[in-house]
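Summary of structural features
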Amino acid sequence: MDEDRAKTYELEQSCVKMMRGLLTCMMRQKEKLEHFKTSQSPLDAIHAKYSSETGQVVVGDSDWGHLQIDAVSLYLLVLAQMTASGLQIVFSLDEVAFIQNLVFYIESAYCVPDYGIWERGDKSNHGLPELNASSIGMAKAALEAMNELDLFGARGGPSSIIHVLADEAQKCQAVLQSMLPRESNSKEVDSGLLSVISFPAFAVDDPEIIKLTRATIISKLQGHYGLKRFLRDGYKTPKEDPTRLYYEPWELRMFDNIECEWPLFFCYMIIDGSFRGDKAAVVEYNEALEEILIKTEDGLRLVPELYAVPSDKVNEEYKFPGSQVRVPLGRCPFMWAQSLYILGRLLQEGFLAPGELDPLNRRLGSEKKPDVVVQVVILAEDQEIQEKLRVFDIHVQTIAEVAPVEVQPARVLSHLYAYLGRNKKLGLSGRKSRDVGILCTSKLYSLQDRIFAFTPQLMDQQRFYIASDYELMIDNLKNELNFLKSSWQSVLGRPLVVFTFRHVLLGILKSKYLKVIFSI
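So, a few notes on the structure that sits alongside this text. As the structure is a prediction and not an experimental result, all values here were calculated from the model.

1. Notes on the packing of aromatic side chains
Across all of its chains, the model carries 16 aromatic pairs by this definition. Ring plane angle 25° and centroid distance 6.1 Å describe the contact between Phe265 and Tyr268, whose orientation is recorded as stacked. With Phe265 and Tyr268 both in helix α9 (residues 264-276), this residue pair falls 3 residues apart, about one helical turn. Here the two residues Phe265 and Tyr268 agree in accessibility, since each one is buried. For the pair Tyr445 and Phe454, a centre-to-centre distance of 5.5 Å together with 75° between the ring planes defines the contact as edge-to-face. Comparing Tyr445 with Phe454, the two get one shared label, buried. Following the ring pairs from residue to residue traces out a cluster consisting of Trp118, Tyr235, Trp262, Phe265, Tyr268, Phe334 and Trp336. In this structure, Arg229 is placed above the aromatic ring of Trp118, and the distance from its NZ or CZ to the ring centre is 4.7 Å.

2. A look at the side chain of Thr398
One can find Thr398 in strand β10 (residues 397-398). Leave out the neighbours within four places in its chain, and Thr398 touches Leu379, Ala380, Asp382, Gln383 and Gln386.

3. So, the sheet that holds strand β11 (residues 405-408)
Ordered by their spatial adjacency, 3 strands build an open sheet running β11-β13-β12, and the pairing between neighbours is mixed. Here the strands that pair on one side only, and so sit at the sheet edges, are β11 and β12 (445-447). Averaged over all adjacent pairs, the angle separating strand axes in this sheet is 35°, with direction ignored. Relative to strand β13 (residues 450-454), β11 runs parallel, the two being bridged by 4 bridges. Each bridged residue has a counterpart across the sheet, and for Gln408 the counterpart in β13 is Phe454.

4. Observations regarding the nonpolar core
Leu76, Leu79, Ile99 and Met146 are the most contacted members of the largest nonpolar core, which has 103 residues in total. Setting aside its immediate chain neighbours within four residues, Leu79 contacts Met19, Ile89, Val90, Ile99, Met146 and Leu151. Counting 22 residues, the second-largest nonpolar core is a separate cluster that includes Ala166, Val396, Leu481 and Val491.

5. Some details on helix α5 (residues 133-146)
Over its 14 residues, α5 runs 20 Å from end to end, which matches the ideal 20 Å to within 8%, given 1.5 Å per residue. With 13 of its 14 residues buried, α5 lies for the most part within the structure. Positive backbone phi, at 60°, marks Glu148, one or two positions downstream of α5.

6. Overview of empty space enclosed by the protein
Applying the stated criterion across every chain, the model contains 2 cavities of 30 Å³ or more. What lines the largest cavity is a set of 14 residues, and nearest its centre among them are Arg120, Asn125, Arg229, Phe230 and Asp233. Residues that form the lining of the largest cavity fall into these classes: 4 nonpolar, 3 polar and 7 charged. Tyr115, Gly116, Ile117, Trp118, Glu119, Arg120, Gly121, Asn132, Glu183, Lys187 and Asp190 together form the lining of the second largest cavity. Here the residues of the lining of the second largest cavity sort into 3 nonpolar, 3 polar and 5 charged.

7. Some words on the packing of α9 against helix α12 (residues 335-348)
With their axes 9 Å apart at the nearest point, α9 and α12 run at an angle of 30° to one another. As far as their axial angle goes, α12 and α9 are roughly parallel. Taken as a pair, α9 and α12 cross one another with a handedness that is left-handed. Residues Leu264, Cys267, Tyr268, Ile270, Ile271, Ser274 and Phe275 of α9 pack against Trp336, Ala337, Leu340, Tyr341, Leu343, Gly344, Leu347 and Gln348 of α12.

Calculation criteria
Residues numbered from 1 in each chain as written. Predicted model: local features only at pLDDT ≥ 70, side-chain atom pairs only at ≥ 80, totals over all residues. Heavy atoms only, no water. Phe/Tyr/Trp six-rings, centres within 6.5 Å; stacked < 30°, edge-to-face > 60°. Helix = DSSP H or I, 4+ residues; strand = E, 2+ residues; numbered from the N terminus. Buried < 20%, exposed > 50% of the residue type's maximum accessible area, 1.4 Å probe, protein only. Lys NZ or Arg CZ within 6 Å of the ring centre and 35° of its normal. Contact = heavy atoms within 4.5 Å. Pairing = 2+ DSSP bridges. Axes fitted to C-alpha atoms, helices over the stretch in contact; angles between N-to-C directions. Core = buried A, V, L, I, M, F, W, Y, C linked by side-chain atoms within 4.5 Å. Expected span 1.5 Å × (residues − 1). 1 Å grid on protein atoms, 1.4 Å probe; cavity = no way out; pocket = protein on both sides within 12 Å on 5 of 7 lines; lining within 4 Å. Points joined across faces, edges and corners; volume = space filled by probe spheres on them. Nonpolar A, V, L, I, M, F, W, Y, C, P; charged D, E, K, R; others polar. Parallel < 35°, antiparallel > 145°, perpendicular 65-115°, else oblique. Left-handed = near helix turned anticlockwise from the far one by under 90°.

The structure is reproduced here in structure tokens:
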């Protein structure tokens, strides 16, 4: 038993060392991180690969598709899960500030084209980034996992907590659900989405979308030796020209039915079945995987990178898809697949429980949740407004009367969020965007023993004059309340919307909208 505990501790610390090594590599790129927040240029992206010996970059800014939001998001997601399990990865407040800025790096994933999980962007490999559902989903999962996480664990305090704007995660959610089961503009579907609808991201809340995406992947991409990455994927096929990286658009049709099949995705399906409690699926994919593993003389089972059609069998495969015996190519073992294979075996044999792989319980996100009750508080700007409302038999408190709660406009909250992640030592300036959505303003904040409530941004006339049109403002408020009701699922507590009656809104008292606002 002592030896087992020692081995467990050694494995834990190996994971900590690996995570800290990646953190150190990325912190050396802090200038690029700072520039990317304003430029969002692929040339300013944090590098996607480093030397395992020195931790330094290995290719130039323009020599590789470094803008891979899914990679940074996966790091943050795993960091959150490991921290929640009791491991400590982050040791200083400088590192906390850098992690906070990594959150800002990925929060606009819903509108930033990147090179995606396969690092090449558009299917034709011309180096064109595009919006990828797998990147958006991984970013959404990371944002939700990192929100209110104390990176120092039980030893932490307010300064070591990471803050995420819930509205940014919700925007990722909206775009993700509108794209699935499609991966991107050029890819109809992609097996990489398995990591989004299931382990490790569990990023989709709608069970029907999860089922549709899984069924689409299986029907269009599954073969005898694994799953294709996506349709017309020319990587390592006999028809691919190894002397150049890109394809001409007309060439893609040559790869129909001869795309390489990846055993990696059988491993994903086994883990997915284990989390869903689908024993039949686990048995089915486990048997399929056992047939294609490479057995060594020592009895080890190795997962190869992929299986390809031999060059002399291509014409037969064109005529009868799935009829030819394929050969293993690429790395063996393929570490990505091998690690997932080991995880799958540990789950099947009972050495690991799903909760141990998912301490944050993200796998429960698609389960039905209770209905959300939106709370609306109406306050008068001063006693004069209070008296005028009383004439209409409407009794409300003034802003001064709700002390010690301080009521401020949304722009104040935006200003406070801009201070998150600022660090002079690292040259990090914090959050750049000044927008805060209804999800952020619909909760109370505690700051230095003071409690703050914030009015919605749509009521801020200093930000945009259209807020002076009270008829339009009330319509917008009704829409925002409906949005809150449907989007508050992943946020704790009940939403609280503060509506302040100000002198500029006195016209409402003489209009039909007075009854509307009090009947919301």
